[in-house]
Amino acid sequence: MSKLGLALAKDETVEQMAWQIWMTSDRQSAVHAIDDFVTKVRYLSIRGKKEGALAKQLAEGLPVWTRDDLLKHALELLRKGSDEDRQRAAFEVAAEMDEYDAASAGVLTAFIKMDEPGIRLAGARALRTRPWTTFRSTAEQLSADPEPEVAAIGKEMLARIQELHGQ
């Protein structure tokens, strides 16, 4: 990142993730580099006035996917991927969704609507990382899933939503 003219402003490792913030010299834009130890997803989030320019610079040196590419890839894996690949893709979609996004939520909802318990489990695990009130009815649906592990995640997610946002 320093080769791009970015300065390390924060480097923190907590129990579940490593997080670095790299700032432009004018401090108007930043690249957040996240390594999530729970989901095993690494990603960058670009914010600020120079988002486009930073994204272009990063794309020159890194394999970069747009959100739409990621969602398309996740749907392809939904049809014909291994359990491990599906889980990784579901976590990546959830990680990309730092605020509610109907398209990303739709992909994760597609996971939990599948007949195969392993695919529903991947979607449930990913959705658990987003305990938002928007997903209250989804958590209720997961709580009633015939697969015990999926149902347990749904109950946990519902409890977390209630804890954070009330009834």
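Residues numbered from 1 in each chain as written. Predicted model: local features only at pLDDT ≥ 70, side-chain atom pairs only at ≥ 80, totals over all residues. Heavy atoms only, no water.

Q: Would you mind going over the overall build of the chain in detail, with residue names and values included?
A: For the chain, the count of helices and strands is seven helices and four strands. The N-to-C order of helical and strand elements in the chain reads β-β-β-β-α-α-α-α-α-α-α. A principal-axis box enclosing the C-alpha atoms of the chain has dimensions of 55 × 40 × 25 Å. When the 167 residues of the chain are sorted by exposure, 40% land in the buried category. A sequence separation of at least 24 residues applies to 42% of the contacts in the chain between residues at least 6 apart. (Helix = DSSP H or I, 4+ residues; strand = E, 2+ residues; numbered from the N terminus. Buried < 20%, exposed > 50% of the residue type's maximum accessible area, 1.4 Å probe, protein only. Contact = heavy atoms within 4.5 Å.)

Q: Explain the side chain of S45 residue by residue, including any values.
A: Residue position: S45 is located in strand β4 (residues 41-48). Residue classification places S45 among the buried positions, given a relative accessible area of 15%. Among the polar contacts listed, one links the side chain of S45 to the side chain of R47, at a separation of 3.3 Å. Excluding residues that lie within four positions of it along the chain, S45 makes contacts with A30, V31, H32 and D98. (Polar contact = N/O pair within 3.5 Å; in protein donor to acceptor, adjacent residues only side chain to side chain.)

Q: Outline the nonpolar core, supporting the account with residue identities and numerical values.
A: General note: in soluble globular proteins, nonpolar side chains tend to be found buried as a group. If you look at the biggest cluster of nonpolar residues, it comprises 33 residues, and the most contacted ones within it are V93, L108, F111, F135 and M157. Those residues in contact with F135 that sit more than four places away from it in its chain are M97, Y100, A105, L127, R130, M157 and I161. One finds L6, V31, L54 and L58 within the second-largest nonpolar core, a separate group that totals five residues. (Core = buried A, V, L, I, M, F, W, Y, C linked by side-chain atoms within 4.5 Å.)

Q: Kindly report on a nonpolar patch on the surface, identifying the contributing residues and their values.
A: Residues L44, L62 and V64 make up a contiguous nonpolar surface patch of about 230 Å² in total accessible area. Among the structural elements, V64 can be located in the loop between α1 (51-61) and α2 (67-80). (Patch = residues over 30% accessible without salt bridge, like charges linked within 9 Å, V, L, I, M, F, W, Y side chains within 5 Å. Areas by Shrake-Rupley, 256 points an atom, 1.4 Å probe, with all protein chains shown as cover. Salt bridge = Lys/Arg side-chain N within 4 Å of Asp/Glu carboxyl O.)

Q: Tell me about the packing of aromatic side chains, and name the residues and values.
A: The relation between two aromatic rings is expressed through the spacing of the ring centres and the mutual angle of the planes. The full count for this structure, using the stated rule, is two aromatic pairs. Where W132 meets F135, the ring centres are 5.9 Å apart and the plane angle is 20 degrees; that geometry is what we call stacked. Accessibility assignment for this pair places W132 and F135 in one class, buried. Joined through ring pairs, the aromatic side chains of Y100, W132 and F135 make up one cluster. (Phe/Tyr/Trp six-rings, centres within 6.5 Å; stacked < 30°, edge-to-face > 60°.)

Q: Mind laying out the environment of E149, listing which residues take part and the relevant values?
A: Within the secondary structure, E149 is located in helix α7 (residues 148-165). For E149, a relative accessible area of 39% puts it in the partly exposed group. Taking the C-alpha atoms as reference points, E149 and A124, separated by 25 residues in sequence, lie 9.3 Å from one another. Excluding residues within four positions of it along the chain, E149 makes contact with L121 and R125. For E149, the side chain forms a polar contact with the side chain of R125, separated by 3.0 Å.

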